[in-house]
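Coordinates in review
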Amino acid sequence: MILVNLARSFVELFGNLALLFLQSLYWTFHSLRTGRFGFGNLIEQMSRIGVDSLPMVMITGFSTGAVLVVQIGYQFTQLGAERYVGGVVSLAMARELAPILTSIVVAGRVGSAIAAELGTMKITEQIDALETMATNPVDYLVVPRFWGCTLMLFMLTIFTNIVGAIGGSIVAVYQIGQTLTTFSDSILQNLKIYDLMGGLFKAMVFGALIGIIGCYKGFTTEGGAEGVGKSTTGAVVLAIMFILAVNYFLTVGINNFNMAYLQ
């Protein structure tokens, strides 16, 4: 019975998230077609999601690149394979670590903020007020946050890759004893454009998940201030769980596509 209830709850949750996603796409194309798309609102959300997250992303990317070089640099040098250090670090960052870590950071900071903001609007009946003014809440509230998360995760992941390479190069030069030329040449020789684009595609998917889950948790908030706290926590936990689960399927699909068409 417990498993049946869990399965039913998951199917219901997945269906509600899919419905909100489809509604977001509908109102996006509807607003573009009618010329009423809120670009000002979108830019505001992109600034809140992307620009305000840069310090955390910078620290995450820099430390990850540096730690990777510390972990593998000495071993590769002892084996005479120091020319591969930069390539291995850049591949690990581009394919997996940059999109995953950036998404988790943004889920913790932005996903919780979206759920808290919309949850507060829900319990104070501001969302109901929008409907009485003939303004669709999905169009006005969800669409800019959905696209803001999707687009800015793409940009933030690029930034994480760059900062990670800088952090790795500093450690490689001043701690491992490599030259900057050796490290940079290893990146250029081993990192392919499809590796980078695969990671950026993952980041956009994760961004869409963060936006949709945060908005859904906000829209379904109940129970006053306590309900807002639960929605905030639930948005972060659910977003991270979906990111980690979806990452496996994206990794398999992207690798199969690269093997079949690009390599």
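Below, the structure is looked at part by part. (Residues numbered from 1 in each chain as written. Predicted model: local features only at pLDDT ≥ 70, side-chain atom pairs only at ≥ 80, totals over all residues. Heavy atoms only, no water.)

**Looking at the packing of aromatic side chains**
Scanning the entire structure with this criterion turns up six aromatic pairs. Ring centres of Phe146 and Trp147 lie 4.9 Å apart, and the angle between their planes is 70°; on these two criteria the pair is classed as edge-to-face. For Trp147, a relative accessible area of 23% puts it in the partly exposed group. Taken together, the aromatic side chains of Phe21, Phe146 and Trp147 make up a single cluster linked through ring pairs. (Phe/Tyr/Trp six-rings, centres within 6.5 Å; stacked < 30°, edge-to-face > 60°. Buried < 20%, exposed > 50% of the residue type's maximum accessible area, 1.4 Å probe, protein only.)

**Quick word on the packing of helix α4 (residues 85–123) against helix α7 (residues 180–190)**
The contact between α4 and α7 brings their axes to 6 Å, and the two run at 55°. It follows from the interaxial angle that α4 and α7 lie oblique. With respect to the hand of their crossing, α4 and α7 are arranged in right-handed fashion. Where α4 approaches α7, its residues Val85, Gly86, Gly87, Ser90 and Leu91 are matched on the opposing element by Phe183, Ser186, Ile187 and Asn190. Residue classes in the contact of α4 with α7 are distributed as four nonpolar, five polar and no charged. (Axes fitted to C-alpha atoms, helices over the stretch in contact; angles between N-to-C directions. Helix = DSSP H or I, 4+ residues; strand = E, 2+ residues; numbered from the N terminus. Parallel < 35°, antiparallel > 145°, perpendicular 65-115°, else oblique. Left-handed = near helix turned anticlockwise from the far one by under 90°. Contact = heavy atoms within 4.5 Å. Nonpolar A, V, L, I, M, F, W, Y, C, P; charged D, E, K, R; others polar.)

**Side note on the packing of helix α6 (residues 137–176) against helix α8 (residues 193–219)**
It is the contact of α6 with α8, at a shortest axis distance of 8 Å, that shows an interaxial angle of 145°. Considering how the two elements wind past one another, α6 and α8 form a crossing that is right-handed. Taken together, the residues that form the contact of α6 with α8 break down as 18 nonpolar, five polar and one charged.

**Re the pattern of salt bridges**
Considering all chains together, one arrives at six salt bridges under this definition. The salt bridge partner of Glu117 is Arg48, with a shortest N-O separation of 3.3 Å. With Glu117 in helix α4 and Arg48 in helix α2 (residues 39–49), the pair connects residues that are 69 residues apart, well separated along the chain. A salt bridge links Lys202 to Glu96; the nearest nitrogen and oxygen atoms lie 2.5 Å apart. Placement of Lys202 in helix α8 and of Glu96 in helix α4 is noted, with a sequence separation of 106 residues between them. The buried category is assigned to Lys202, whose relative accessible area is 2%. (Salt bridge = Lys/Arg side-chain N within 4 Å of Asp/Glu carboxyl O.)

**Let's talk about α6**
Each turn of an α-helix holds 3.6 residues, which means side chains three or four residues apart point in the same direction. Between its first and last C-alpha, α6 extends 54 Å over 40 residues, near the 58 Å set by a 1.5 Å rise per residue. The distance from a side-chain oxygen at the start of α6 to the backbone nitrogen of Val138 is 2.9 Å, and the residue carrying that oxygen is Asn136. Downstream of α6 by a residue or two, Gly177 has a phi angle that is positive, lying close to 95°. (Expected span 1.5 Å × (residues − 1). Polar contact = N/O pair within 3.5 Å; in protein donor to acceptor, adjacent residues only side chain to side chain.)

**So, the layout of surface pockets**
Its volume calculated, the largest pocket comes out at about 390 Å³. Surrounding the largest pocket, 17 residues form its lining, Phe21, Val205, Ala208, Leu209 and Val246 being those nearest its centre. Counting only elements with at least two residues in the lining of the largest pocket, the list comes to α1 (2–34), α6, α8 and α9 (224–262). Residue composition of the lining of the largest pocket, by class: 16 nonpolar, one polar and no charged. (1 Å grid on protein atoms, 1.4 Å probe; cavity = no way out; pocket = protein on both sides within 12 Å on 5 of 7 lines; lining within 4 Å. Points joined across faces, edges and corners; volume = space filled by probe spheres on them.)

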